[in-house]
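Each chain, written out:
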Amino acid sequence: MAVSTRLRVWSIAAHRGFADALVAGLIPRYREDRFGLARLTLLLPSQRAIRTVTEAFVRASGQGLLLPRMAVVGDLDLDETLGPLLDPIGSGVEIPEAVDPTFRLLRLSEHLREELGAEAPGSAALLRQARGLAQTIDRLLVEGVSIADMLDESVVGIAAELSEHWQASTRLFARVFARWQAELAALGKLDAPERRNRLLEHAAQSWKERKPAHPLIAAGVTSASPAVARLLRVVADLPDGGVILPDLDLALSDEVWNSLGSAGGGEGGVFDRGDVVTHPQYHLKLLLNRMGIARDEVEPWHRSGLAPAPPERSRAISNLFLPPEASAAWVSLDAKDRRLSGVRMMESANPEEEAQAIAILVREALAEPERRVAIITPDRSLAARVVAHLGRWNIGADDTAGRPLPQTAAGRVMLQLADVVAERVAPVPLLALLGHPLVQPGDGRPVWLERVRQLDLALRGPRPGPGLAAVRGKAEEFDRRFPGLAEWWSAVEDLLFPLLSLEGEAPLDGALIALSAAGEALCGEGMWAQADGRCLAQFVERWREAATLSPCQVPVEELPALLRDAMEEVSVRPAYGGHPRLAIYGLLEARMSRADLVICGGLTEGTWPGNPAPDPLLAPPILRALGIPGADFRIGLSAHDLAAALGAPEVVLSHAHRDASGPVIPSRFLLRIQAMLGEQLRYETRAVQLARAFADVEAAPPHPRPHPTPSAEQRRVPIAVTALDRLRGDPYQFYASAILRLRSLDPVDADPTPAWKGTAVHDVLKAWHEAGGRPGELVPLAERMFDEMSAHPFMRAMWKPRLIDALHWIEEETDRLAGEGREVLAVERKGEIMVDGIRIHGRADRIDRLADGTLAVVDYKTGMPPSGKMVAEGYALQLGLIGMIARDGGMEGVAGEPSRFEYWSLGRNKDKGFGYMKSPVKETARQTGLELDAFLPETERFLREAIARWLLGSEPFTARLNPDLPGYADYDQLMRLDEWQGREGEEP
């Protein structure tokens, strides 16, 4: 049976709950005959609204129900992404199809490149600018602004008065906009918002001329764009039509309503300077003005949802958001007009504590049967923390705002592949890719991960050369240590083969194909299997098709940034499977929803509301002249979101006093609530105290200074000539190295360390001496070997030139000494002796035979040699121990009495260039150190004393026994140095 009552315009108050109240009124009105609801058409603002209203119908029906037809007609926020187009109501009319947004982005970037010429940035930055330009074009088109409007005399006159920067950006925007419109006309297509406007206009005209046969209701649509407003006016005039607005404040006094500004009703355009665009009712006033409907013509919707709040809540919300001048009335408000019973504020110290407190509130609320909970926050990191804390109690929670594609497993694979290409198979991105959870799934994954670990060890230290061949060299080098590593890496190279074509500049479509092929070779079909994989597949296909139609060359080093920016625009929505009575919403997703407990999190300035971001291309005066919402317009939308949330029966408003970067300011909305309620405001403290109790663990006692005492059998270990200094200066480090046999690992892709530099120099000098040590051959040999050893930019640009200068000095000095009868006897020669039953072993860098038959012991240093004082105190004994081994016949082919001990340093010479010689033996009265006659005896005394104390005795291996002695820091973390150093004498 047809409904006789003519629907006009209604408003559902905040305390009633929009979706549930809407359904509560529609069911009895249209369910009189069997198919009444099925004949009804609901025009809703978004796909999320369709889901919300559908769930409300399910809750309210109690039995089988044929749902009305629901179509999307507009967006709630003019400044947000346009989202779905209008359901094809006007499919019979010939309206050109919409251009693909990705194709448009690539074409706009190309137009920008041509306009900017030599000043054009790289591809990634250019696409970033094109994305901002596209958003500005959308804002203009939504408001029905064309390029002709920008050329109007009034707009041109305003632009002429702006600064040079704004004039240049306005000209650039106008030129690109005009070029794009011309290209669209040639293609016979339209921008998505322009096509939506035409569809809306066609629907409005069709319904105006030919009334729909069945009822038509527009519910929850608050977009104030002209096309939407005209359509809503037509719907409101239909015999069986009507418009239902969310949270329009009908109780607001006319004086306050008028003080919000003209909102399109005055002579100054849409946004006059005095308009209070930050008020939550402003965009609704703008919509009513464009519809040509006065607020007095809007009737209240008297139905309520399943969980309404007290009626006085809407009055308190109205008073809460009064404009600044009108808010002076707070001092005279009656208690009933400011009552926010059921609303409380929660203050926490930091985001982690806030998330834990919110999780506690959720857990307690879900323990009550049929109680629904909603968490609303624009802070996605806070939402992720809450999800993690709820997982502790096996409460599944899904963030309906989704996760950006780059933060998902499939998205990371694509970006890591791009990183590998951009950094030319550098170790860090390569290992991250090979160890990714999606790579090589199945039974063979444990073996795969073991090979990745071995490759990780092989790539420790400075970066090898670029490309797969350099990594292959490392794998072959370590194949003896890890048999089969080289063969495994050959198989990995086959999997990465598609990436070989990406060098220099590559076509974007070809790059996407190559990355996808390599990803599928590594991950199999699992790369595309889950929700994130399906989103990634759609993303790749969309961008590949657009890049084919609009060819684009991209430098491979810019691929990661370009893809990351593009993928950030894609959200991966979770599938159903979370707790049925819990939802985590962003601000857009929360609109029209309702729960028994609503927790608004992240209420800090800059988050809720967000910081207004001015348009980068068009100045505010130009936007105002064109009738485009300014940056502050979003604050009013955020205020409206909070006002809707405050309509729930129980509300918790949460904020932290600091974020990850430092202290933050509470949201201006919270400050208003505190100012209006004063002492009446209730605070949630119990959940915060429980959250702190979770983190309040018993303090651990101070860690004592380590002094391990191994058994006598464990102590009897050999001593390397380089380890005696460590044993005497820091016995714990000797214990960790020689007894526990622990070795520190260099970082992957590390800067060249002093130890690495020393090894590299020794390898070069050894190769030179073994080749005959002829003058003029050392430097070319070093050049070639250093290039093969490391591709690290610091090594190539800074250290290598200095080292080459020092090697020149070594070559000249060796040639000079050869003229004095000195010959090189041994290079990199190993040797050992036994002292008190302990093996002393080491490697001599170089031993020369002097003209008188004695020996000279040489140690190469890339840095500063030890001082004579350190030698005298027994903390630099390496040369002395090598001399003892040579003297006692511990080295093959070496015999004689050492008479010279020399450090050949490759460091800077104070007098000239790099390279100098220094002896640890005291040769003049001004020098410190040991006399030559005492050098070896004192070295032997220090050695026997150390053996007696630590290796044959029972003295503990105390950490940092001589803290003032400079030494290595390899084992500082193992000895937990920072936990006890400087506190040894403190009382526990």
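Definitions and cut-offs
- All residue numbers here refer to positions counted from 1 along the written sequence of the relevant chain.
- Residue-level local features of this predicted model are given only where pLDDT is at least 70; pairs of side-chain atoms are given and counted only at 80 or more, and the full residue set underlies all totals for whole chains, interfaces and linings.
- The basis for the side-chain values is all heavy atoms of the structure; hydrogens and waters are excluded.
- Only DSSP runs of H or I reaching four residues or more are called helices, and only runs of E reaching two or more are called strands; each is numbered from the N terminus.
- Computation of the radius of gyration draws on C-alpha atoms, with the globule rule given as 2.2 Å multiplied by the number of residues to the power 0.38.
- Classification of residues uses two cut-offs on accessible area relative to the type maximum, computed with a 1.4 Å probe and protein chains only: under 20% is buried, over 50% is exposed, and between them is partly exposed.
- Contact between two residues is taken to exist if any of their heavy atoms lie within 4.5 Å; hydrogens are not considered.
- Counted charges follow a simple rule, with Lys and Arg positive, Asp and Glu negative, and His plus the chain ends left uncounted.
- By convention, charge coordinates are those of NZ in Lys, CZ in Arg, CG in Asp, or CD in Glu.
- Two strands are said to pair when DSSP picks up at least two bridges between them.
- The convention used is that axes are lines fitted to C-alpha atoms, helices contributing only their stretch in contact, and that angles between N-to-C directions extend from 0 to 180 degrees.
- Values of pLDDT, ranging from 0 to 100, describe the predictor's confidence in every residue of the model.
- Here the term patch refers to residues with relative accessible area over 30% and no salt bridge, with like charges joined within 9 Å and nonpolar side chains (Val, Leu, Ile, Met, Phe, Trp, Tyr) within 5 Å.
- Each accessible area is a Shrake-Rupley estimate made with a 1.4 Å probe; only the visible protein chains count as cover when residues are assessed.
- A pair is scored as a salt bridge if a Lys or Arg side-chain nitrogen falls within 4 Å of a carboxyl oxygen belonging to Asp or Glu.
- Throughout, the term roughly parallel applies to angles under 35 degrees, roughly antiparallel to angles over 145, roughly perpendicular to angles from 65 to 115, and oblique to all others.
- Charged residues are taken to be Asp, Glu, Lys and Arg, nonpolar residues to be Ala, Val, Leu, Ile, Met, Phe, Trp, Tyr, Cys and Pro, and polar residues to be all remaining types, Gly included.
- One less than the residue count of a helix, multiplied by 1.5 Å, gives the span that helix is expected to have.
- Polar contact criterion, stated in full: a pair of N or O atoms within 3.5 Å, where within protein one must be able to donate a hydrogen and the other to accept it, and residues adjacent in sequence count only if both atoms are side-chain atoms.
- Each nonpolar core is a collection of buried residues, namely Ala, Val, Leu, Ile, Met, Phe, Trp, Tyr and Cys, held together in the definition by side-chain atoms within 4.5 Å.

*Asks:* It is not clear to me how the overall build of the protein chain should be interpreted in this structure. Could you clarify?
*Replies:* Along the backbone of the protein chain there are 38 helices and 22 strands. Relative to the globule expectation of 30 Å for 988 residues, the C-alpha radius of gyration of the protein chain, 38 Å, shows a markedly less compact shape. For the C-alpha atoms alone, the extent of the protein chain along its principal axes is close to 125 × 70 × 60 Å. Buried positions account for 53% of the 988 residues belonging to the protein chain. When contacts within the protein chain are restricted to residue pairs at least 6 apart in sequence, those whose partners lie at least 24 apart make up 77%. Across the protein chain, 112 positive and 137 negative side-chain charges occur, with their mean positions spaced 3 Å apart.

*Asks:* Just checking my understanding: could you explain the sheet that holds strand β16 (residues 682–683) for this structure?
*Replies:* Backbone-to-backbone hydrogen bonds pair the strands of a sheet. The strands run either parallel or antiparallel. Reading across the sheet, the 6 strands line up as β13-β8-β14-β15-β7-β16 and stay open at both edges, with parallel pairing between neighbours. In this open sheet, the two edge strands, each paired with only one partner strand, are β13 (582–585) and β16. Where strand β7 (residues 343–348) meets strand β15 (residues 650–656), 6 bridges bridge the pair, whose relative direction is parallel. When the sheet's bridge partners are listed, Met345 is paired in β15 with Leu653. Its contacts with the sheet place helix α26 (residues 633–645) against β8 (373–376), β14 (597–600) and β15, and it is angled at close to 150 degrees to β14.

*Asks:* In this structure, what is going on with the sheet that holds strand β2 (residues 41–44)? I would like to understand it.
*Replies:* Strand order in the open sheet formed by 6 strands is β3-β2-β4-β5-β1-β6, with parallel pairing between adjacent strands. Both edges of this open sheet fall to β3 (69–72) and β6 (299–300), since each of them pairs with a single strand only. Contacts from helix α3 (residues 47–61) reach β2 and β3, with the element oriented near 155 degrees to β3.

*Asks:* How should the confidence of the model for the protein chain be read in this particular structure?
*Replies:* Regions with low pLDDT carry predicted coordinates that are not meant to be interpreted in detail. Looking at the protein chain, pLDDT values average 87 and 94% of them are 70 or higher. Scored below 50 in pLDDT, residues 1–5 shows 7 contacts in the model against residues more than four places distant or in partner chains. Here residues 75–91 scores under 50 on pLDDT; set against residues more than four positions off or in separate chains, the count is 47 contacts.

*Asks:* Just to check I follow, could you spell out a nonpolar patch on the surface for this structure?
*Replies:* On the surface, Leu740, Leu742 and Leu974 cluster together to form a nonpolar patch covering roughly 230 Å² of accessible area. Secondary-structure assignment places Leu742 in the loop between α31 (731–739) and α32 (754–770).

*Asks:* Explain the pairing of strand β21 (residues 898–908) here, please?
*Replies:* Along any regular strand, the residues point their side chains to alternate faces of the sheet. Judged by how many residues are buried, β21 sits mostly within the fold: 8 of 11 residues are covered. Relative to β21, strand β20 (residues 855–861) runs parallel, the two being bridged by 7 bridges. Bridge pairing links Val858 to Glu902 in β21. In this structure, β21 lies alongside strand β22 (residues 914–918), joined through 4 bridges in antiparallel fashion. The partner of Trp904 across the bridge, within β22, is Met917.

*Asks:* I tried to follow the packing of helix α21 (residues 508–523) against helix α23 (residues 559–568) on my own but got confused; where do I start?
*Replies:* How two helices sit against one another is set out by the angle between their axes and by the gap between those axes. Closest axis-to-axis distance for the α21/α23 pair is 13 Å, and the angle between their directions is 85 degrees. In terms of orientation, α21 lies roughly perpendicular with respect to α23. On α23, the residues touching Leu508, Ala511, Leu512 and Leu515 of α21 are Leu559, Leu562 and Leu563. Considering only residue class, the contact of α21 with α23 consists of 7 nonpolar, no polar and no charged.

*Asks:* I'm lost on unusual backbone geometry in this one. Help?
*Replies:* Leaving glycine aside, a negative phi is the common case for residues, and trans is the common case for peptide bonds. With omega at 5 degrees, the peptide bond leading from Trp608 into Pro609 counts as cis. Non-glycine residue Glu370 carries a positive phi angle of around 65 degrees. By relative accessible area, Glu370 is classed as exposed at 71%. Although it is not a glycine, Gln440 sits at a positive phi angle of roughly 50 degrees. Inspection of the secondary structure assignment puts Gln440 in the loop between α17 (427–434) and α18 (445–458).

*Asks:* Got a minute to help me understand helix α4 (residues 101–116) in this structure?
*Replies:* The α-helix advances 3.6 residues per turn, and as a result positions three or four apart in sequence lie on the same side. With 16 residues, α4 ought to run about 22 Å at 1.5 Å a step, and its terminal C-alpha atoms sit 22 Å apart, in line with that. Buried-residue contacts for α4 involve α5 (123–142), α8 (164–187), α21 and α22 (531–549). For α4, the N-terminal capping position is held by Asp100, with its side-chain oxygen 3.2 Å away from the main-chain nitrogen of Thr102. Among the residues trailing α4, Gly117 stands out with phi positive, at a value near 65 degrees.

*Asks:* Teacher, can you tell me more about the nonpolar core here?
*Replies:* Buried together is how nonpolar side chains tend to be arranged in soluble globular proteins. Judged by nonpolar contacts, the single largest core of 96 residues is most densely connected at Leu434, Trp489, Leu508, Phe539 and Leu563. When residues in this core are grouped by element, the largest group, 9 residues, is from α5. Residue contacts for Leu508: discarding those within four places in its chain leaves Leu106, Trp543, Ala547, Cys552, Val554, Leu559 and Leu562. The next biggest cluster of nonpolar side chains, apart from the first, holds 79 residues, and it includes Leu260, Phe321, Leu333 and Ala639.

*Asks:* I would appreciate a short explanation of the pattern of salt bridges in the present structure.
*Replies:* Opposite charge on two side chains permits pairing when their charged atoms draw close. The full count for this structure, using the stated rule, is 58 salt bridges. Between Glu945 and Arg728 there is a salt bridge whose closest N-O contact spans 3.6 Å. One end of the pair, Glu945, is in helix α37 (residues 932–951); the other, Arg728, is in helix α30 (residues 724–729), and 217 residues separate them in sequence. Overall, Arg728 belongs to the buried group, its relative accessible area being 9%. A network of salt bridges, in which partner residues are shared, links Arg728, Glu938, Arg941, Glu945, Arg949 and Glu955.

*Asks:* Is there a simple way to explain the environment of Arg424 in this structure?
*Replies:* Within the secondary structure, Arg424 is located in the loop between α16 (409–422) and α17. Assessed through its relative accessible area of 55%, Arg424 is described here as exposed. Each C-alpha atom of the pair Arg424 and Pro466 lies 5.4 Å from the other, and the pair is 42 residues apart in sequence. Other than its neighbours up to four places away in sequence, Arg424 contacts Pro466 and Gly467.

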